[in-house]
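Topology and contacts: notes
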Amino acid sequence: MKCQHFGLCGGCELDLAYEKQLESKLQQTQQEFSSLFSSNGFSSANLSVHNSVEWGFRARAEFRFYTDENRIYFAMSNREKNHRTPITQCPILLPIIQKAMPLVIESLEADETLRTKIYACNFLANIESQEIIISLIYHKRLDSLWEQKAQNMRDRLHKALNATIHIIGRAKNQKILLSTPCVRESLRLFADSKQERIYTYFKQESSFSQPNPFINTKMLEFVITHLKTLYPQPDNDMLELYCGGGNFSIALSGIFRQILATEVVKSAISLLQQNMEQNFCENIIPVRLNALETQVALSGEREFFRLRGIDIKSFNFDCVLIDPPRSGVNELKILHFLQQFSTIVYVSCNPSTLLQDLQTLTQSHSILHFGLFDQFPHTHHRECVVILRQK
């Protein structure tokens, strides 16, 4: 294992050659879904595996702190015990975060105002390694002196890293922005081919974003490739549940006539609108609804004020994309609602809840494509994307 903290830090678990890790995850997935595959005529040999870069892939990091006399360290939860382990390096992070870590520690150790009662530090960066957000979280009220010291820290990091630095100070009921809460990231899809396209996304501090941009690119390519086969012309509409900041809807907007993108988090809808403008998307309609409210609205069971001015009946829905939390859909009413669509794209970060939901969905739909994506190398985590078509 490349990391000197492996075995103590609870972040990484697999001390295997990377090829062995992928093989193990593939075998586990084939075994877990074997009965479902056999009963639905899907060959496990058709399950596609998509590898990540082995190191320097993670764009987000959250650390606590460990103090030892006059020294301060980043810390992670211990692998075996319920206490913190000091961290001096983390090779799975994007290079710019790795370079920023010792500089942040140096700034904290050199300044009592920045160091006192600091509780946590979060990082968010882009794949181009040109921009990074550093969030400093405290158990104290932040004042003008802290802001001055944080500004000096930002200037030092900007000079040392030759990158755009955004620093955010957080405390109870308080948030101080030095610059912006967003980084802008460009994803190059289908590189060096006739289909090559670059999509630009804003990623916001404190909001969900795909943690591994290398795998995110492969997931987008996987979905685009297979949906283009099913929808060669933009004659149909798509519904997206849990759309977040528009990671999938932005990239799929060229395949469909319209996309109704629903999300319950208000800040995510605002971020989606920024991303639409950034990518010149005019056929995405963002709506702040949760999955159950969306089902109720589209089934005509209730009218929502948040849908004012939107003609729901004008949509020609044929495809639905859902990217639920780890708990899955876990709601029979919503699963039955999904079964009304000809095509279902299910993005899952938890194979157990995916398997549970597919027990219902495969009663009406067949599995066309199943992709296994290694979002987090060196861990047991598995990301899956399943495309189903109505029988």
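The structure displayed is predicted, hence computed values, not measured ones.

Here is the key point about a regular strand: its side chains alternate between the two faces of the sheet. With 6 of 8 residues buried, strand β7 (residues 164-171) lies mostly within the body of the structure. Two elements, strand β6 (residues 131-138) and β7, share 7 bridges in a ladder whose sense is parallel. In the sheet register, Glu 131 faces β7, and the bridge partner there is Thr 164. Note on the crossover from β6 through helix α5 (residues 144-161) to β7: the handedness is right-handed. Summarising the sheet, β7 and strand β8 (residues 174-178) pair through 5 bridges and their orientation is antiparallel. Looking across to β8, one finds that Ile 168 is bridged to Leu 177.

The mixed open sheet is built from 7 strands, whose spatial order is β4-β3-β2-β5-β6-β7-β8. Of all strands in the sheet, those with a lone pairing partner are β4 (84-87) and β8, marking the two edges. Across this sheet, the average inter-strand angle for adjacent strands is 30°, counted without regard to direction. Relative to the sheet, α5 contacts β6, β7 and β8, its axis offset from that of β7 by approximately 150°.

The next subject is helix α1 (residues 18-32). Between its first and last C-alpha atoms α1 spans 21 Å; for 15 residues at 1.5 Å apiece the expected length is 21 Å, and the two agree. Taken as a whole, α1 has its buried residues at Tyr 18, Gln 21, Leu 22, Lys 25 and Thr 29. Seen from one end, α1 has its buried residues packed into an arc of 95°, which puts them on one side. Those residues of α1 that are exposed and angled more than 90 degrees off the buried face are Glu 19, Lys 20 and Gln 31. Buried residues along α1 sit against β1 (48-50) and β16 (365-373).

Conventions and cut-offs
Residues numbered from 1 in each chain as written. Predicted model: local features only at pLDDT ≥ 70, side-chain atom pairs only at ≥ 80, totals over all residues. Heavy atoms only, no water. Buried < 20%, exposed > 50% of the residue type's maximum accessible area, 1.4 Å probe, protein only. Helix = DSSP H or I, 4+ residues; strand = E, 2+ residues; numbered from the N terminus. Pairing = 2+ DSSP bridges. Right-handed = clockwise from strand over helix to strand, strands pointing away. Axes fitted to C-alpha atoms, helices over the stretch in contact; angles between N-to-C directions. Contact = heavy atoms within 4.5 Å. Expected span 1.5 Å × (residues − 1). Arc of directions from axis to C-beta.

None of the figures reported here should be taken as evidence of function without further support.
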